[in-house]
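A closer look at the structure
Residue strings, one per chain:
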Amino acid sequence: METARFKAVKLLGKTFSKNGYSNIVLDSALSASNMDVRDKKLCSAVYYGVIERKITLDYIISCYSRQKLEKLRPDVLNILRTGIYQIKYMDSVPDSASVNESVKLAKQMKLGNLSGFINAVLRNFLRDNKEIKLPDGKIQKLSVEYSASEELVKHLIDNYGEENAVSLLENSVGRPPVTIRLNTLKCSAEEILEKISDLEPVQTILEDCYTVNTGNVTEHAAFRKGLFHVQDMSSQLCCTALSPQSGETVLDLCAAPGGKSFTMAEMMKDSGKIFSFDLHENRVRLIQSGAERLNIKNITAKTGNALEHYTELEGADKILCDVPCSGFGVIRRKPEIKYKKLSEFEKLPEIQYGILENAASYLRIGGELVYSTCTVNPEENENVVNRFLKEHKSFKGISFLESYGEPFGGRTATLFPKHFGSDGFFIAKLIRTE
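Reference entry: report on the structure contained in this document.

1. A word on the packing of helix 1 (residues 4–18) against helix 3 (residues 37–52)
At a closest axis distance of 9 Å, the pairing of helix 1 and helix 3 adopts a crossing angle of 35 degrees. As helix 1 packs across helix 3, the resulting crossing turns out to be right-handed. Along the contact surface, helix 1 presents Ala4, Arg5, Lys7, Ala8, Leu11, Leu12, Thr15 and Phe16, while helix 3 presents Asp39, Leu42, Cys43, Val46, Tyr47, Val50 and Ile51. Grouping the amino acids of the contact of helix 1 with helix 3 by side-chain chemistry returns eleven nonpolar, one polar and three charged.

Structure, rendered in structure tokens:
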């Protein structure tokens, strides 16, 4: 039978070799596994932890290995990563167990001839009191400290300054907050809060928006009854910026899995119409099932290409244009994004511009549109919006959410964790004037 650590090492090999998305790789593996709940939790913690701290772990290993990392066998490297991670970051695991289980893994994987090498690296790190001697250079130091590529660190500092960059990087390691939106269509906020008191909800700056003390909220009875949905505050601020009203017709062009559509429906008191689109039928079903659980009636979920024009959608009052992006704002939830090259996202701004241009064509005169991303990359954010406004004189940017303070008060806002504890996010608001 596979142990939790064995499974974690194998999944890491699969993830790093195929550049798979961690949540998909892990969810698929655990659903097919016979491990008990405790072992699944350990496997998840080690697996996600290594991905989140990969650059840091590799730096530590390089300080104690005479052999260059690229020369090590993938399984050996991943055994070392998991061992160092447990020693440095998992207080619940005794150091001796981290070392002994790593050596045992090597033998289990028929790497017994390398078990002495693995043992030596781990024990030498322990002899140095688990201290990391960080590099001297600012970029290199932040890269190792927060396990982000030097390219990403430099990009963030160059575009947003060191304070904002460190805000995002600090929050990219460790457990991200779990934020929910209360569904007051079903009952009052007070009644919902009473039913979820065990989650220790804490209100944020937004009405009906609370942080809770556990990540496993989808197993809660109140969730199954549709009394809330999970959604980061940045996305709820995005919906608040659009401010859909009862009776309006709203389009959500890249809607799956549906969180923003759900929040807007609740803001609209389930009146008016929300048309929520996604390119893929299986993702449209996620929107439909979520709306059913929440008992929302004003959402119509359909397949649709955000780059294609559908005449029947013209005349909308409000439009949410939350486009596909590089995701640099959500690296605390998708750590593998930290290791991607910026060049992988070079084609995105043109696609984003096309979606924005098509979305704007549906808006009535006097109607309002929010363009948003979950990235902090000017090429995908300000540059797209500025180009659109330059080429479309019938639209102008407008200020929004001024009462919430920085970073709001202009036609665009880039959110960092330092502002509200939310994910990194970008919001711009436009109005059609003629």
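2. Some words on the pairing of strand 8 (residues 316–322)
Each regular strand shows side chains that alternate between the opposite faces of the sheet. Most of strand 8 is tucked away, with seven of its seven residues classed as buried. Pairing analysis gives three bridges linking strand 5 (residues 249–252) to strand 8, with the strands arranged parallel. Counterpart to Val250 in the pairing with strand 8 is Lys318. Alignment of strand 8 against strand 9 (residues 363–373), held across six bridges, turns out to be parallel.

3. A look at unusual backbone geometry
Residues Ala256 and Pro257 are joined by a peptide bond in cis, for which omega reads 5 degrees. Secondary-structure assignment places Pro257 in the loop between strand 5 and helix 13 (259–267). A cis amide bond, omega 10 degrees, links Glu406 with the succeeding residue Pro407. Take Pro407: it is sitting in the loop between strand 10 (395–397) and strand 11 (412–415). Here Leu401, not a glycine, exhibits a phi torsion of approximately 55 degrees, which is positive.

4. Some details on the pattern of salt bridges
Pairing is possible between side chains that carry opposite charge, provided their charged atoms lie close to one another. Using the criterion set out here, one finds 23 salt bridges in the structure. Between Asp158 and Lys154 there is a salt bridge, with the nearest N and O atoms lying 2.8 Å from each other. Residue Asp158 and its partner Lys154 are located together in helix 9 (residues 150–170), separated by four residues, close to a single helical turn. Assessed through its relative accessible area of 52%, Asp158 is described here as exposed. Within the structure, one salt-bridge network assembled from shared partners comprises Asp232, Arg332, Arg333 and Asp423.

5. Overview of the side chain of Asn298
If you trace the backbone, Asn298 turns up in the loop between helix 14 (281–294) and strand 7 (299–303). Ignoring any residue separated from it by four or fewer positions in sequence, one finds Asn298 in contact with Ala265, Met268, Asp270, Ser271, Gly272, Lys273 and Ile274.

6. Section: the nonpolar core
If you look at the biggest cluster of nonpolar residues, it comprises 42 residues, and the most contacted ones within it are Cys43, Tyr47, Ile79 and Leu80. Elements with a contribution of two residues or more to this core: helix 1, helix 2 (22–31), helix 3, helix 4 (54–64), helix 5 (74–89), helix 6 (95–108) and helix 7 (115–127). For this core, the element with the most residues is helix 5, which contributes seven residues. Apart from residues lying up to four places away in sequence, Tyr47 is in contact with Ala8, Leu11, Leu12, Thr15, Ser22, Val25 and Leu26. Ranked by size, the runner-up nonpolar core spans 33 residues in total, among them Cys239, Val250, Ala291 and Leu401.

7. Quick look at the packing of aromatic side chains
Each pair of aromatic rings is reported with the distance of its centres and the angle of its planes. Inspection of every chain in the model, using the stated rule, returns eleven aromatic pairs. Geometrically, the ring pair formed by Tyr64 and Phe125 is edge-to-face, given 5.9 Å between the ring centres and 70 degrees between the ring planes. Here Phe125 lies in helix 7 and Tyr64 lies in helix 4, a separation of 61 residues in the sequence. Phe125 shares its class with Tyr64; the two are buried. Each residue in the set Tyr353, Phe388 and Phe395 is aromatic and connected to the rest through ring pairs, giving one cluster. Directly above the ring of Phe16 sits Lys54, whose terminal nitrogen or CZ lies 5.4 Å from the centroid. Its end group placed over the ring of Phe223, Arg293 keeps NZ or CZ at 3.7 Å from the ring centre.

Reading the values: the criteria
- Residues numbered from 1 in each chain as written.
- Predicted model: local features only at pLDDT ≥ 70, side-chain atom pairs only at ≥ 80, totals over all residues.
- Heavy atoms only, no water.
- Axes fitted to C-alpha atoms, helices over the stretch in contact; angles between N-to-C directions.
- Helix = DSSP H or I, 4+ residues; strand = E, 2+ residues; numbered from the N terminus.
- Left-handed = near helix turned anticlockwise from the far one by under 90°.
- Contact = heavy atoms within 4.5 Å.
- Nonpolar A, V, L, I, M, F, W, Y, C, P; charged D, E, K, R; others polar.
- Buried < 20%, exposed > 50% of the residue type's maximum accessible area, 1.4 Å probe, protein only.
- Pairing = 2+ DSSP bridges.
- Salt bridge = Lys/Arg side-chain N within 4 Å of Asp/Glu carboxyl O.
- Core = buried A, V, L, I, M, F, W, Y, C linked by side-chain atoms within 4.5 Å.
- Phe/Tyr/Trp six-rings, centres within 6.5 Å; stacked < 30°, edge-to-face > 60°.
- Lys NZ or Arg CZ within 6 Å of the ring centre and 35° of its normal.

All we've got here are geometric facts, nothing functional implied.
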